[in-house]
Amino acid sequence: MKEKVLLLLMIITWGCIPQKKKELPKEVQEVKNLTVHAADTQPTFEITLEKVISFGSSDDVLIGRLGDVAVDDSGRVFIADVQKQLINVFGPDGRFITQLGREGKGPSEFSYIKRLQVRNDHLYASDANFGIRKVGVFTLDTLAGHKTIILARNKGNYQSLNMTYPGIDRIFVRNNGTYLAEFISDSAKPTRKWQNVEIRGLLYSLDRSGKIASDKLFEFKKEIRTYHLGLSPIEPFFGNALTALSSDNSIYWAGPDYFLIKEYSPEGAYRHAFYYPHKKISLTRESAIEAGVPDLYIKNMRSMDLPESWPVLRDMKIDDRDRLWVATTVKNMKVHQWWVLKQDGQLIARFNWPRSKPIQVIKNGYLYTRETEEETGLEQIVRYRFKMD
């Protein structure tokens, strides 16, 4: 009798597996080593946020145009000024300390500071220097300029990188001083206004000197761009591919169309993925207005070849405890719903947060956002303490 019951359970289980698989989108069905989480999964904790302090222009410093942000282990905040091409340093208490770098082409000088990162007791500032991609490195103990790294000087040796360039905002510093670089394939020649073009991304490893040191790790659809006054992303409607790096250099990657996150080894070998069923939100003119999409795009929506729904995933970050923070699109277009996840996809917490206050950094139990002060109209970085109860 026990054997018959066991056999019956096995038959039922085998019968359910194909049916469940059929319910998944085709692109998800083809993913190997996949964990599918239930749509009604509930978080383990509730998250609360408390505003603590702001960083930005004051009587001591005036920031021309606020750029990228980084935070070190002591709580110091580094804010790039992309108008003056320098980095403002603030203490954990919000007090202005000093400025790093200046505009120029030499060591510790910048043409366009695009990305700031803190790794290995150093601050890394990625710079698009008139077509030359470089990284300025500062030591955190003295805040002195340490060295300048020219990126991908040997790109000409790689035929697969013809007609590509390293995306300066997609340079990831590894914990051993090497780099993960995303190259953008941009060889399209559109023939009409508002024509969509698919842009590809290619990931390569760079050594400590900035030279390419690997074959292609993997390739993916980076984003959709449209021809208007040049070829530019229309990210609000199509989203873009998301990449994040954990403390052990594991690579997490996700496209915008599904709540599907893949993990790769530091060498680019696929490991596993997890998936959450997520309701897609219809893309309409009304929802675009509510989401704060620029008027230029809204006025020309009828001329564009747009998808039927909004991107599912909008942002992905990793905090200093290697938790994934993922922003999703929900019916209320004024907010993103953020999911806090373990590396295997288990849901820890979930909360709504205004789109107008994008999250920049999560570190040391704090969340740092970019906000506009109502009275002055100036952008600032705001630190919130978060708790999970």
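Structural data are supplied above this passage.
Residues numbered from 1 in each chain as written. Predicted model: local features only at pLDDT ≥ 70, side-chain atom pairs only at ≥ 80, totals over all residues. Heavy atoms only, no water.

## Topic: the environment of serine 74
- Relative to the helices and strands, serine 74 is located in the loop between strand E3 (66-71) and strand E4 (77-81).
- Residues serine 74 and proline 92, 18 residues apart in the sequence, show an inter-C-alpha distance of 7.3 Å.
- At 2.8 Å, the side chain of serine 74 forms a polar contact with the side chain of aspartate 72. (Helix = DSSP H or I, 4+ residues; strand = E, 2+ residues; numbered from the N terminus. Polar contact = N/O pair within 3.5 Å; in protein donor to acceptor, adjacent residues only side chain to side chain.)

## Regarding the sheet that holds strand E6 (residues 96-100)
- With antiparallel pairing, four strands are arranged side by side in an open sheet as E3-E4-E5-E6. With one partner strand each, in any of the chains shown, E3 and E6 form the two edges of the open sheet. Recorded for the sheet is a direction-independent mean angle of 25° between the axes of neighbouring strands. (Pairing = 2+ DSSP bridges. Axes fitted to C-alpha atoms, helices over the stretch in contact; angles between N-to-C directions.)

## Looking at the packing of aromatic side chains
- All told, the structure shown has 20 aromatic pairs when counted by the stated rule.
- Relative to tyrosine 204, the ring of tyrosine 158 has its centre 6.1 Å away and its plane inclined at 80°; by these criteria the two rings are edge-to-face. Within this pair, whereas tyrosine 158 is found in the loop between strand E12 (145-150) and strand E13 (164-173), its partner tyrosine 204 is found in strand E15 (residues 196-206), the two being separated by 46 residues in sequence. An identical accessibility class is assigned to tyrosine 158 and tyrosine 204; each is buried.
- When the centroid spacing of 6.3 Å and the interplanar angle of 55° are considered together, the rings of phenylalanine 237 and tyrosine 297 count as tilted. With phenylalanine 237 in helix H3 (residues 235-238) and tyrosine 297 in helix H5 (residues 295-299), this residue pair connects regions lying 60 residues apart in the sequence. Accessibility classification places phenylalanine 237 together with tyrosine 297 in one group, the buried group.
- Joined through ring pairs, the aromatic side chains of Phe218, Phe220, Trp253, Tyr264 and Tyr270 make up one cluster. (Phe/Tyr/Trp six-rings, centres within 6.5 Å; stacked < 30°, edge-to-face > 60°. Buried < 20%, exposed > 50% of the residue type's maximum accessible area, 1.4 Å probe, protein only.)

## Points about the pairing of strand E28 (residues 379-388)
- Across the ten residues of E28, seven count as buried, placing the element largely inside the fold.
- Pairing of strand E2 (residues 47-55) with E28, which is carried by eight bridges, proceeds in the antiparallel orientation. In the sheet register, isoleucine 53 faces E28, and the bridge partner there is arginine 383.
- Two strands pair when backbone bridges link them, and strand E27 (residues 366-372) and E28 are joined in this way by seven bridges, in the antiparallel orientation. Each residue of the ladder has a partner; that of threonine 369, found in E28, is valine 382.
- Two successive antiparallel strands, E27 and E28, enclose a turn made up of six residues, where glycine 377 displays a positive phi of approximately 75°.

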